[in-house]
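The residues making up each chain are set out below.
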Amino acid sequence: MNETLTLVLAWMAGVGLGAIFFGGLWWTVRKGVSSKRPALWFSGSLLLRMSIALAGLYFVSGGRWERLLLCLLGVVMARQVLIRLTRPSRDNQDRPTQEASHAP
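This is a predicted model, so every value here is computed, not measured.

Visitor: Which residues make up helix 2 (residues 38–61), and what are the values?
Guide: Since one α-helical turn is 3.6 residues long, residues separated by three or four positions face the same way. With 24 residues, helix 2 extends 34 Å between its outermost C-alpha atoms, agreeing within 8% with the 34 Å of an ideal straight helix rising 1.5 Å per residue. Those residues of helix 2 that sit buried are S45, R49, A53, G56, L57 and S61. Against helix 1 (3–33) and helix 3 (65–86) lie the buried residues of helix 2. Backbone geometry just after helix 2 places G62 at a positive phi near 60°.

What follows is the structure, given as structure tokens:
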């Protein structure tokens, strides 16, 4: 296969792995905060997300540092995109947040 195509595919795989990792983190925070057992949600999600990301990076790299570097670049780029997509709207940023008067 053409080396350039291989590197582009490694980058695309990194974007996918980043979307899974950081999308899963966003979903876990939304579900875990309202859960009766948040520690189970957060620790289980961490183990699952890290397992998927590390296994994906291992298989995509194939022992080549160029593929690993582009895959990691894809992960970072996916993080930036998800940060922009999940950012609260400007309307919510203008309002002051109301703090809880006591701990739950």
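Visitor: I'd like to hear about the packing of aromatic side chains, residue by residue, with values.
Guide: Where two aromatic rings form a pair, the distance of their centres and the angle of their planes describe that pair. Applying the stated criterion across every chain yields a total of three aromatic pairs. Pairing F21 with F22 gives two aromatic rings, centres 4.9 Å apart and planes at 80°, and the pair type is edge-to-face. In this structure F21 comes out as buried when scored by relative accessible area, which is 16%. Centroid distance W27 to W41: 5.4 Å. Interplanar angle 65°. Geometry classified as edge-to-face. Separated by 14 residues along the polypeptide, W27 in helix 1 and W41 in helix 2 bring together distant segments of the chain. Residue classification places W27 among the partly exposed residues on the basis of a relative accessible area of 43%. With relative accessibility at 32%, the residue W41 sits in the partly exposed group.

Visitor: Can you lay out the confidence of the model for the protein chain for me, pointing to particular residues and giving the numbers?
Guide: Per-residue confidence for the protein chain gives a mean pLDDT of 89, with 86% of residues at or over 70. The least confident element of the protein chain, judged by mean pLDDT, is helix 4 (residues 90–94) at 64; the most confident is helix 2 at 96.

Visitor: Requested: an account of a nonpolar patch on the surface, with residues and values cited.
Guide: A contiguous nonpolar surface patch, about 590 Å² in accessible area, is contributed by L5, V8, L9, W11, M12, L73 and M77. Elements with a minimum of two residues in the nonpolar patch: helix 1 and helix 3. Per-element accounting of the nonpolar patch gives the leading share, five residues, to helix 1. Secondary-structure assignment places M12 in helix 1.

Visitor: I'd like a rundown of the pattern of salt bridges, residues and numbers included.
Guide: In the structure shown here, the tally under the stated rule is two salt bridges. The closest approach of N and O atoms between E3 and R64, which form a salt bridge, is 3.7 Å. Taken together, the residues span a long stretch of sequence, with E3 in helix 1 and R64 in the loop between helix 2 and helix 3 at a distance of 61 residues. The salt bridge partner of R64 is E66, with a shortest N-O separation of 3.5 Å. Among the residues examined, E66 registers a relative accessible area of 24% and is labelled partly exposed.

Thresholds applied
Residues numbered from 1 in each chain as written. Predicted model: local features only at pLDDT ≥ 70, side-chain atom pairs only at ≥ 80, totals over all residues. Heavy atoms only, no water. Helix = DSSP H or I, 4+ residues; strand = E, 2+ residues; numbered from the N terminus. Expected span 1.5 Å × (residues − 1). Buried < 20%, exposed > 50% of the residue type's maximum accessible area, 1.4 Å probe, protein only. Contact = heavy atoms within 4.5 Å. Phe/Tyr/Trp six-rings, centres within 6.5 Å; stacked < 30°, edge-to-face > 60°. pLDDT = per-residue confidence, 0-100. Patch = residues over 30% accessible without salt bridge, like charges linked within 9 Å, V, L, I, M, F, W, Y side chains within 5 Å. Areas by Shrake-Rupley, 256 points an atom, 1.4 Å probe, with all protein chains shown as cover. Salt bridge = Lys/Arg side-chain N within 4 Å of Asp/Glu carboxyl O.

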